[in-house]
Amino acid sequence: MPYRRLPNTDAARIRALKAALRKGQQEGIDTIAYPYALKQKVEFFLPKFEVAIANSKLAKEKQFDNSPKFSEYTKKARLYISHFIQVLNFCIARGELKPSARTFYGLEENSSKVPSLLTEQDLLQWGEKIISGEQNRLSNGGGNPIYCPSIALVKVNYENFKENYTRQKQFQNNSARESGNVAQYRNEADHLVLDIWNEVEHYFERVKDEEEKRYMCEEYGLVYVFRRGEKDKIRRRKEAEKITLKLF
């Protein structure tokens, strides 16, 4: 006998519920193969499940569409912050600024090492430090402004990154929330499908012909999978039965 294959994707869950509902709507209360109350549950549940899936898909698309722009802003912010710190160190190496100038930016006074800028949090932290540090140094008579890049360029690229970081985080949060909604509905969908399939198979259990029974169940959306070689065995058995009938 083939075995049932319950849906394991959202698309398959929708197909199974719609098939059961469509067949149920074609039958009367007395002839439907699963309880009418179960049909009403599906009618109430299915639109909510479809809306949740659509919202999740839209949220993921927005996050995906914004990702290239966010990556570009992140790359530029990292580049400008890193270059500014390197130019600061060049100025100190040439004697144009004292090593103590590094402390305005939260850097170690006697280290020319550029801090890690790998993560988004690193960029947020050091972007703020560099921008405020340059302003504080100039306000305290710490020498001439640093150019190539200027702090104005650093600030523009940092603000672009920061603004898009907030937007991308919002897209990610929306996507996670909508995915969570789908997950909650998914459990209910699985229970509904399982209940319907069990009820349908029970309704048709008195049908003797296995192929006819399977066809009747499939009309309600049940999916059967044949094991390897099973179709050939069924075909050979039917041929043997035909031969036996002819003999008699």
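Calculation criteria
Residues numbered from 1 in each chain as written. Predicted model: local features only at pLDDT ≥ 70, side-chain atom pairs only at ≥ 80, totals over all residues. Heavy atoms only, no water. Helix = DSSP H or I, 4+ residues; strand = E, 2+ residues; numbered from the N terminus. Buried < 20%, exposed > 50% of the residue type's maximum accessible area, 1.4 Å probe, protein only. Contact = heavy atoms within 4.5 Å. Areas by Shrake-Rupley, 256 points an atom, 1.4 Å probe, with all protein chains shown as cover. Lys, Arg positive; Asp, Glu negative; His and termini not counted. Charge placed at Lys NZ, Arg CZ, Asp CG, Glu CD. 1 Å grid on protein atoms, 1.4 Å probe; cavity = no way out; pocket = protein on both sides within 12 Å on 5 of 7 lines; lining within 4 Å. Points joined across faces, edges and corners; volume = space filled by probe spheres on them. Nonpolar A, V, L, I, M, F, W, Y, C, P; charged D, E, K, R; others polar. Disulfide = S-S within 2.5 Å. Polar contact = N/O pair within 3.5 Å; in protein donor to acceptor, adjacent residues only side chain to side chain.

**Student:** Help me out: how do you make sense of the overall build of the protein in this one?
**Tutor:** If you tally the helices and strands in the protein, you get six helices and two strands. Helices and strands in the protein line up, N terminus first, as β-α-α-α-α-α-β-α. Counting only C-alpha atoms and orienting by the principal axes, one finds that the protein spans roughly 110 × 40 × 25 Å. Split into buried and exposed, the 248 residues of the protein put 36% on the buried side. Considering only intrachain contacts with a sequence separation of at least 6, the fraction spanning at least 24 residues in the protein is 73%. When the accessible area of the protein is evaluated, it comes to approximately 15600 Å², of which 52% is carbon and sulfur surface. Placing the 43 positive and 34 negative side-chain charges of the protein at their respective mean positions leaves the two points 4 Å apart.

**Student:** Any chance you could explain the layout of surface pockets here in plain terms?
**Tutor:** Space left empty within the atom packing is revealed by a probe, the size of a water molecule, rolled over the atoms. Counted as a void, the second largest pocket has a volume near 160 Å³. Looking at the second largest pocket, the residues that line it are Arg5, Leu6, Pro7, Asn8, Ala12, Arg15, Ala16, Ala19, Trp197, Gly221 and Val223. At four residues, the largest contribution of residues to the lining of the second largest pocket is made by helix α1 (residues 10-26). A breakdown of the residues in the lining of the second largest pocket according to their chemical character gives seven nonpolar, two polar and two charged.

**Student:** Any chance you could explain unusual backbone geometry here in plain terms?
**Tutor:** Where the residue is not glycine, phi is negative for most of them; where a peptide bond is considered, it is trans in most cases. In this chain, Cys148 is followed by Pro149 through a cis amide linkage whose omega measures 10 degrees. In this structure, Pro149 sits in the loop between α3 (120-139) and α4 (151-203). A positive phi is found at Cys148, a non-glycine position, where the angle reads about 55 degrees. With respect to the element layout, Cys148 can be found in the loop between α3 and α4. You can call Cys148 exposed: its relative accessible area is 70%.

**Student:** Quick question: what am I supposed to make of the environment of Trp126 here?
**Tutor:** As for its position among the elements, Trp126 is in helix α3. Separated by 107 residues in sequence, Trp126 and Ala19 have C-alpha atoms that sit 57 Å apart. If we skip the residues at most four places from it in the chain, Trp126 touches Ile81, Tyr105, Gly106, Leu107, Pro115, Ser116 and Leu117.

**Student:** It is not clear to me how the state of the cysteines should be interpreted in this structure. Could you clarify?
**Tutor:** By definition, a disulfide is the covalent link that joins the sulfur atoms of two cysteine residues. One pass over the structure, following the stated rule, counts zero disulfides. Not engaged in a disulfide, the cysteine Cys91 finds its nearest cysteine sulfur in Cys148; these two sulfurs lie 10 Å apart.

**Student:** It is not clear to me how the environment of Gly221 should be interpreted in this structure. Could you clarify?
**Tutor:** Position of Gly221 among the secondary structure elements: in the loop between α5 (210-218) and β2 (224-225). Apart from the residues within four sequence positions on either side, Gly221 is in contact with Ala19 and Trp197.

**Student:** It is not clear to me how the side chain of Gln168 should be interpreted in this structure. Could you clarify?
**Tutor:** Here Gln168 lies in helix α4. For Gln168, a relative accessible area of 4% puts it in the buried group. For Gln168, the side chain forms a polar contact with the main-chain oxygen of Gln63, separated by 3.5 Å. One polar contact links Gln168 to Ser67, side chain to side chain, over a distance of 3.2 Å. The residues contacting Gln168, other than those within four sequence positions of it, are Gln63, Asn66, Ser67 and Phe70.

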